[in-house]
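Structure at a glance
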Amino acid sequence: CGLLAQIRSTCASLKDQKALFRPAAIGKYGTLSPGTSIPALDNFTLCIYVRPTEIIENGMTVFTYNTDRKLYSRFSRNHELGIMIKDSSLIIWLFGTEIELDYVLSLHNWHYLCLTWHSAHHKANIYVNKTQIHTKFLVQDYKLFPNGSLLLGQSHKRRPDRLQVDLDMAFVGELYMFNLWNYIKRHQILNLGCEDGNIISWNSQQWDFMGLDLEYDYLLPCCKYCRLTAHQISLNPIDCTPNITQSH
């Protein structure tokens, strides 16, 4: 009964599923579900697992977050917040500033990327695989603007009547465990890697996947039931009803 209650309480979690971005998946993306929004944030921590499987000449987008704020309109590709990969190296967008990092993300491996922002100190820290690799100071105490559009796997701009998706920078690979917190997580806690965000977490209630496949993978870094095989536990994808069979 305890296990049944535990499964029911976490049935919305997607910790045993990853989003697949295939080479032909141009124009397909993950986005926040209706009713889910990002508030204004002075400080925040953002983390995501990334597994690139191809090198794309034009680069590719892990995610972009944009709002109606016009601070960065001089540059067509500027973003409020975002992560991109070009030539296997990392590019971070933070309040319209592009931060290019000489850090190679190997193909076909999971990489745990985290970004923290401290508004009062004008300071961003960037982590890859639980190691801090860069600190960036910006010129002012920016705050993350609220109620923007967030797309996984695609670069985009906001237009008065629509979102304009940049089809040239589609992600190819797998994304997993996008989480956002409204505070700066200590490095020791970041190292745990699987805590749910208190603003956005990796669950079916907060995310919609437009034309994308979600794939169960019981070897994922944060799969809650990794020690219990798919034969032992299966969740009905429609109503989350647990079906438990006895192992032999």
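Further up the page is the structure itself.
The present account deals with the structure reproduced in this document. Everything numeric in this text was worked out from a predicted model, so none of it was measured.

Conventions used here
- Residues numbered from 1 in each chain as written.
- Predicted model: local features only at pLDDT ≥ 70, side-chain atom pairs only at ≥ 80, totals over all residues.
- Heavy atoms only, no water.
- Pairing = 2+ DSSP bridges.
- Helix = DSSP H or I, 4+ residues; strand = E, 2+ residues; numbered from the N terminus.
- Axes fitted to C-alpha atoms, helices over the stretch in contact; angles between N-to-C directions.
- Polar contact = N/O pair within 3.5 Å; in protein donor to acceptor, adjacent residues only side chain to side chain.
- Contact = heavy atoms within 4.5 Å.
- Disulfide = S-S within 2.5 Å.
- Buried < 20%, exposed > 50% of the residue type's maximum accessible area, 1.4 Å probe, protein only.

1. Some remarks on the sheet that holds strand E15 (residues 207-210)
- Taken in spatial order, the seven strands make up an open sheet running E7-E6-E5-E4-E11-E2-E15, and their pairing is antiparallel. The open sheet is flanked by strand E7 (97-104) and E15, the only strands paired with a single partner. Geometrically, the sheet is characterised by an average inter-axis angle of 20° between neighbouring strands, direction not taken into account.
- Here strand E5 (residues 81-86) pairs with strand E6 (residues 89-94) via six bridges, running antiparallel. For Met84, the partnering residue across the bridge sits in E6 and is Ile91.

2. Description of the sheet that holds strand E3 (residues 43-52)
- What the seven strands build is an open sheet, ordered E10-E9-E8-E3-E14-E1-E16; its pairing is antiparallel. Edge positions in the sheet fall to strand E10 (131-137) and strand E16 (213-216), since each of these pairs with one other strand and no more. Sheet twist, expressed as the mean angle between neighbouring strand axes with direction ignored, is 25°.
- One ladder, built from three bridges, connects strand E1 (residues 17-21) with strand E14 (residues 173-181); its direction is antiparallel. Of the residues in E14, the one forming a bridge with Ala19 is Leu175.

3. Some remarks on the environment of Thr31
- Secondary-structure assignment places Thr31 in strand E2 (residues 29-32).
- For the pair Thr31 and Asp208, spaced 177 residues apart in sequence, the C-alpha separation works out to 5.4 Å.
- At 3.0 Å, the side chain of Thr31 forms a polar contact with the backbone oxygen of Leu150.

4. Re the environment of Thr61
- Structurally, Thr61 can be placed in strand E4 (residues 60-66).
- Note: C-alpha distance between Thr61 and Asp168 (107 residues apart in sequence) is 9.5 Å.
- Look past the residues within four positions of Thr61 in its chain and what remains in contact with it is Ile83, Met84, Gly153, Gln154, Ser155, Met169, Ala170 and Phe171.
- Polar side-chain contacts of Thr61 include one of 3.4 Å to the backbone nitrogen of Ser155.

5. Describing the state of the cysteines
- A complete count under the given rule lists two disulfides for this structure.
- With its sulfur 2.1 Å from that of its partner, Cys47 forms a disulfide with Cys114. Here Cys47 and Cys114 share a disulfide; its torsion about the S-S bond, 115°, makes the bridge right-handed. You can see Cys47 sitting in strand E3 and its partner Cys114 sitting in strand E8 (residues 111-118), a full 67 residues away along the chain. The exposure classification of Cys47 matches that of Cys114, with both residues buried.
- Disulfide pairing is shown between Cys194 and Cys222; the S-S distance is 2.0 Å. Here Cys194 and Cys222 share a disulfide; its torsion about the S-S bond, -80°, makes the bridge left-handed. Taken together, the residues Cys194 in the loop between helix H2 (187-190) and E15 and Cys222 in the loop between E16 and strand E17 (233-235) connect sequence positions 28 residues apart.
- The class of Cys222 is buried, set by a relative accessible area of 6%.
- In the chain, the cysteines engaged in disulfides, taken in order along the sequence, are linked 1-2, 3-4.

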